[in-house]
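Chain by chain, the residues run as shown.
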Amino acid sequence: MSKVCQLFSGSSGNSIFVSYKETKILVDAGVSNKRICRALSDIGEDASELSAIFVTHEHSDHISGLRVLASKYNIPVFAAQDVIDAMKNTNIINEKVETFPIENNMEIAGIEILPFKLSHDSVSCHGYRFNLGSSRSVGVCTDTGYVTEEAEKTLKGSNLIFLESNHEVTMLQNSAYPYHLKKRILSEVGHLSNFASSEFAKELAKSGTTRFVLAHLSRENNTPDIARENAVSALWEEGFKENSDYRLYISAPVNSEKAITL
């Protein structure tokens, strides 16, 4: 059995759990070790049983709990070499954390991992596709200003996608955010809007994706209802009906739902 769950989502911290049989992986550790351990316990999991942590990029909302978690439980950490170097140079991780650079294709105890480049204002940023056995796959595509060609190619046909739907453009433009921050978020190295997310969701649905988890929603410039309406409307345009052709989930800042089984 496979199980996935967004433990934390948004600018206050991000972490996603993915498991297949006895292999258990965490994508990012953006809150404290204590909170991650508690969140895992809430879905019947134990941090001491984690097989690996995959890091998307070095921003604090994705790595703030990494050092303590990885060193306490001797969990290997995988990330782009630039990200590993940046974390070491800023003392985010130390010699107690075992690190490995991600490869184009790799496997950990039955899970095939396919990294792909995203576009974000970090030293490097990657999403991941996890192929769980022969028939199930999970994609993670967050923190990107636009959907890259690599993301489109790698995620095609995935069963479930954690897909960034960060902001509603009009809400952001009319928000109290300073101009430089608005410009950053709307840029090609910022975050994916509801519209861009929904357009990609249509292409994913055409390729066979049947479960969507909208992630990394802004608390100030988006709402779960608006993000959902955008996605449902876009998919409806292509003839896909919610709860018939696909299921749609919205990640809360802190998980309040059961894990999704595949």
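Placed above this text is the structure.
Novice: Requested: an account of unusual backbone geometry, with residues and values cited.
Specialist: For Asn91, which is not glycine, the phi torsion reads 60° and is therefore positive. Position of Asn91 among the secondary structure elements: in the loop between helix H4 (81-89) and strand S6 (99-101). Owing to a relative accessible area of 63%, Asn91 belongs among the exposed residues under this scheme. At Asn243, a residue that is not glycine, the phi angle is positive and equals roughly 65°. Summarising the element assignment, Asn243 is placed in the loop between helix H9 (224-237) and strand S13 (247-250). Residue Asn243 is classed as exposed on the basis of its relative accessible area of 64%.

Novice: Account for H4, with residues named and values stated.
Specialist: Residues of H4 that are buried: Val83, Ile84, Ala86 and Met87. For H4, the arc enclosing every buried residue in end-on projection is 165°, short of the 170-degree limit, so these residues lie on one face. Where H4 is buried, its residues contact helix H2 (60-63), helix H3 (66-73), strand S5 (77-79) and S6. Taken from the residues just after H4, Asn91 is the one with a positive phi, measuring 60°.

What counts and how
Residues numbered from 1 in each chain as written. Predicted model: local features only at pLDDT ≥ 70, side-chain atom pairs only at ≥ 80, totals over all residues. Heavy atoms only, no water. Helix = DSSP H or I, 4+ residues; strand = E, 2+ residues; numbered from the N terminus. Buried < 20%, exposed > 50% of the residue type's maximum accessible area, 1.4 Å probe, protein only. Arc of directions from axis to C-beta. Contact = heavy atoms within 4.5 Å.

As far as function goes, none of this settles anything; it's purely spatial.
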